[in-house]
Amino acid sequence: MAENDLMQGGYSIFHGTMADMTYPEVAKAAADGAVVLWGLGVIEQHGPHLPLATDVYMPAALLRRVKQILEEQGIGAVIMPPFYWGVNHVTGLFPGTFEVRPEIMIEVMVDLIKSLKKDGFSNLFSVSGHGDALHNRTMHTGLKRGGSEAGLNAYFVGAPSFFKRIGVDAADGNVLATASEVDRKSKYFDVHAGEFETSSMWGFYPDLIRKEVLPTLKSTDFTIEDLSEWRKGREEAVRKTPHGYLGDPAASDPKMGAEILLNHAAIVAEAIASKMKSKVRA
Ligand SMILES: [Zn+2]
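Small disclaimer: the values here were computed from a predicted structure and weren't measured.

## Details of the packing of helix H6 (residues 195-204) against helix H9 (residues 254-281)
Two numbers describe how H6 lies on H9: the axes approach to 7 Å, and their chain directions differ by 90°. When the axis of H6 is compared with that of H9, the two are roughly perpendicular. Contacts between H6 and H9 involve Glu 195, Phe 196, Ser 199, Ser 200, Trp 202, Gly 203 and Phe 204 on the former and, on the latter, Pro 254, Met 256, Gly 257, Ala 258, Ile 260, Leu 261 and Leu 262. In terms of residue class, the contact of H6 with H9 is made up of nine nonpolar, four polar and one charged.

Laid out in structure tokens, this is it:
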């Protein structure tokens, strides 16, 4: 199966990205009309069982699969090296969480997007590895400004429910809403380092999971009220989740996690492919 190739090259976040290409290879990809795929995550605490770079590793695996699917459909793609200095409003007080101010993240994004334009690329499709609403609103602003200042089509790809939650209009010109979304059912909220995130990380990066800790982690059983208190962030997040996770990591299953990520990749690839086909028709 093609997806088994995803982790060849080990856990390097540069694997399969432009960072492992040479400059003539990048020039050729741009000349051939390749689209650029970009994952933006953060270095952030993920409980006592997952590494800080979880939100960077996940989009790395996702985009490797998206690239494969696009190429099977004749759409060339390169993966931009991941962005990992983002906004951590909610869990910013935990050790190991790094944070930059939104205005700094926007300026860096604008410069990086101008670099893509200089290389001759025209279409950028970005996904977020991180749930924090302020991070994602900042990412949207960075894509909007970068795209318009560079003169390049820059899209934020995500599910309609996601854009609704972060308060971004899914009809915005820099948004590419997916046609469907991964169905994840859980009794209580499972939004940070819980069953789903742990399962997907385990599916692709098993050596990074502190498996001996998992059975000791009690489900947080959060209601919507608990979740909104947690989302206030900082001291509230530390008080609500002293162990850093929100969900049920002990229920994780690597096989289910791998399936979720591969389904998600198919949904993202489908949105990008139909956008590119609509450009050809236009
Ligand atoms: Zn995460």
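Still more to cover.
## Examining the nonpolar core
In a soluble, globular protein the nonpolar side chains are often hidden away together inside. Ranked by internal contacts, the top residues of the largest apolar core, which has 47 residues, are Leu 37, Val 66, Leu 70, Phe 125, Phe 204, Tyr 205 and Ile 272. Within the residue set of this core, elements represented by two or more residues are strand E1 (35-40), helix H2 (54-72), strand E2 (77-79), strand E3 (123-128), strand E4 (153-158), H6 and H9. Excluding anything up to four places from it in sequence, Phe 204 contacts Leu 6, Met 7, Tyr 11, Ala 61, Ala 258, Leu 261 and Leu 262. Met 18, Leu 116, Leu 143 and Phe 156 belong to the second largest nonpolar core, which has 30 residues in total.

## Let's talk about the packing of H2 against H6
Two numbers describe how H2 lies on H6: the axes approach to 10 Å, and their chain directions differ by 60°. Overall, the two elements H2 and H6 adopt an arrangement that is oblique. Considering the relative orientation of H2 and H6, their crossing is left-handed. Contacts from Thr 54, Asp 55, Tyr 57, Met 58 and Ala 61 of H2 reach H6 at Glu 197, Ser 200, Met 201 and Phe 204.

## What about the sheet that holds E2?
Spatially, E2-E1-E3-E4-E5 is the arrangement adopted by the five strands of the open sheet, whose pairing is parallel. Edge strands, defined here as strands with exactly one partner in the open sheet, are E2 and strand E5 (175-177). Along the sheet, successive strands turn relative to each other by an average axial angle of 30°, direction set aside. Sheet topology places E1 next to E3; five bridges connect them, and they run parallel. Pairing of Val 36 across the sheet is with Leu 124, part of E3.

## Looking at the coordination of the zinc ion
Ligation of the zinc ion by protein atoms is provided by His 46 (NE2), Asp 55 (OD) and Glu 197 (OE), these donors lying 1.9 to 2.1 Å from the ion. When the donor residues of the zinc ion are listed from N- to C-terminus, their spacing reads H-x8-D-x141-E. Pair noted here: His 46 is in the loop between E1 and H2 and Glu 197 is in helix H6, with a separation of 151 residues, a long-range link.

## Let's talk about the packing of aromatic side chains
For the coordinates displayed, the defined rule picks out nine aromatic pairs. Between Tyr 57 and Tyr 205, the aromatic rings sit 4.7 Å apart at their centres with planes inclined by 50°, giving tilted as the arrangement. Residue Tyr 57 is found in helix H2, and its partner Tyr 205 is found in the loop between H6 and helix H7 (224-231); the two are separated by 148 residues along the sequence. A relative accessible area of 16% means that Tyr 57 is categorised as buried. Through successive ring pairs, a cluster of aromatic residues spans Tyr 11, Tyr 57 and Tyr 205. In this arrangement the basic side chain of Lys 240 is found over the ring face of Phe 222, its NZ or CZ atom lying 5.2 Å from the centre.

## Considering the pattern of salt bridges
Here the structure, examined in full by the defined rule, presents 15 salt bridges. In this structure, Lys 28 and Asp 32 form a salt bridge, with 2.6 Å as the shortest nitrogen-oxygen distance. As far as the burial class goes, Lys 28 and Asp 32 line up, both exposed. Linking Lys 255 and Glu 259 is a salt bridge whose minimum nitrogen-to-oxygen distance equals 3.7 Å.

Rules of the game
- Residues numbered from 1 in each chain as written.
- Predicted model: local features only at pLDDT ≥ 70, side-chain atom pairs only at ≥ 80, totals over all residues.
- Heavy atoms only, no water.
- Axes fitted to C-alpha atoms, helices over the stretch in contact; angles between N-to-C directions.
- Helix = DSSP H or I, 4+ residues; strand = E, 2+ residues; numbered from the N terminus.
- Parallel < 35°, antiparallel > 145°, perpendicular 65-115°, else oblique.
- Contact = heavy atoms within 4.5 Å.
- Nonpolar A, V, L, I, M, F, W, Y, C, P; charged D, E, K, R; others polar.
- Core = buried A, V, L, I, M, F, W, Y, C linked by side-chain atoms within 4.5 Å.
- Buried < 20%, exposed > 50% of the residue type's maximum accessible area, 1.4 Å probe, protein only.
- Left-handed = near helix turned anticlockwise from the far one by under 90°.
- Pairing = 2+ DSSP bridges.
- Donors = N, O, S within 2.8 Å, 3.2 Å for Na, K, Ca; no water.
- Phe/Tyr/Trp six-rings, centres within 6.5 Å; stacked < 30°, edge-to-face > 60°.
- Lys NZ or Arg CZ within 6 Å of the ring centre and 35° of its normal.
- Salt bridge = Lys/Arg side-chain N within 4 Å of Asp/Glu carboxyl O.

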